[in-house]
Amino acid sequence: MKKFIGLVGTNSDQSTNRQLLQYMSQHFAGEAEIEVTEIKQLPMFNKPLGQALPEVVAELAEKIEASDGVIIAAPEYDHAITASLMNALSWLSFGIFPFVDKPVMLVGASYGTLGTSRAQAHLRQILDAPELQARIMPSSEFLLAHSLQAFDENNNLTNPDVAKTLNGLFADFLTFVDISQQLNHAHEAHKKEAENFSWENI
Ligand SMILES: Cc1cc2nc3c(=O)[nH]c(=O)nc-3n(C[C@H](O)[C@H](O)[C@H](O)COP(=O)(O)O)c2cc1C
């Protein structure tokens, strides 16, 4: 069975994006293991001398490295991703490269109607950076609008059409991960490129 990391894209204790990942973890338990994983334990990124990584960052990177893929649930703040998610991605591209060629599915929940469409576009751009180079599932986004009203008391999605869309996208993601595992001929070269990349030389 495939093992995924469900990355909660916020440090907020109350989060409908966390709720969405918890729903996915339960709902898709027969198809894959989704470990809902926090970023709120990470310190503020500060470019430490000698590239020394905090233990919590190394632990998170190892989990991502060992996984078959990552599902990121990203709230939208001011048309962008949250500062805490940006912080996590800075750590996860600082001398370590766990996202290189890693299959990634993007989902997001927002209080209003737009369902994080701008944040997801923003996140795609960030995950394409030379030290991240994630393999983001193309032509797909799962946008959960009005997220405060989206779940019932058992944490199930109340709208069957929305649940059906997510079922379809998750099935696509499972296929995308299988295909990605075959597209590995340049993986070592990509890792080396990321390791050797320097912002001073461009
Ligand atoms: C500082 C701030 C900025 C926000 N900006 C947006 C925004 O640009 N677009 C949007 O749809 N919702 C915006 N919201 C509302 C969020 O959708 C909502 O507060 C929440 O973060 C949803 O995710 P969560 O339940 O996981 O925290 C903003 C909220 C905050 C606190």
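Summarised in this report is the structure supplied together with it. (Residues numbered from 1 in each chain as written. Predicted model: local features only at pLDDT ≥ 70, side-chain atom pairs only at ≥ 80, totals over all residues. Heavy atoms only, no water.)

**Details of the pairing of strand β2 (residues 32-37)**
Logical step 1: Where strand β1 (residues 2-8) lies against β2, six bridges are found, and the strand directions are parallel. Within β2, the position partnered with Leu 7 by the bridge is Thr 37. (Pairing = 2+ DSSP bridges. Helix = DSSP H or I, 4+ residues; strand = E, 2+ residues; numbered from the N terminus.)

**Focus on the packing of aromatic side chains**
Logical step 1: Enumeration over the complete set of coordinates arrives at eight aromatic pairs.
Logical step 2: Taken together, a centroid distance of 5.1 Å and an interplanar angle of 80° make the contact between Phe 45 and Phe 94 edge-to-face. Of this pair, Phe 45 sits in the loop between β2 and α2 (55-66) while Phe 94 is found in the loop between α3 (83-91) and β4 (103-109), placing the two residues 49 residues apart along the sequence. (Phe/Tyr/Trp six-rings, centres within 6.5 Å; stacked < 30°, edge-to-face > 60°.)

**A look at the environment of Phe 151**
Logical step 1: Following the sequence through the fold, Phe 151 ends up in the loop between β6 (142-144) and α5 (160-182).
Logical step 2: Judged by relative accessible area, Phe 151 falls into the buried class, the value being 11%.
Logical step 3: C-alpha of Phe 151 to C-alpha of Gln 19: the two residues are 132 residues apart in sequence and 8.5 Å apart in space.
Logical step 4: Beyond its immediate stretch of four places on either side in the chain, Phe 151 contacts Thr 16, Gln 19, Leu 20, Tyr 23, Leu 144, Asn 156, Leu 157 and Thr 158. (Buried < 20%, exposed > 50% of the residue type's maximum accessible area, 1.4 Å probe, protein only. Contact = heavy atoms within 4.5 Å.)

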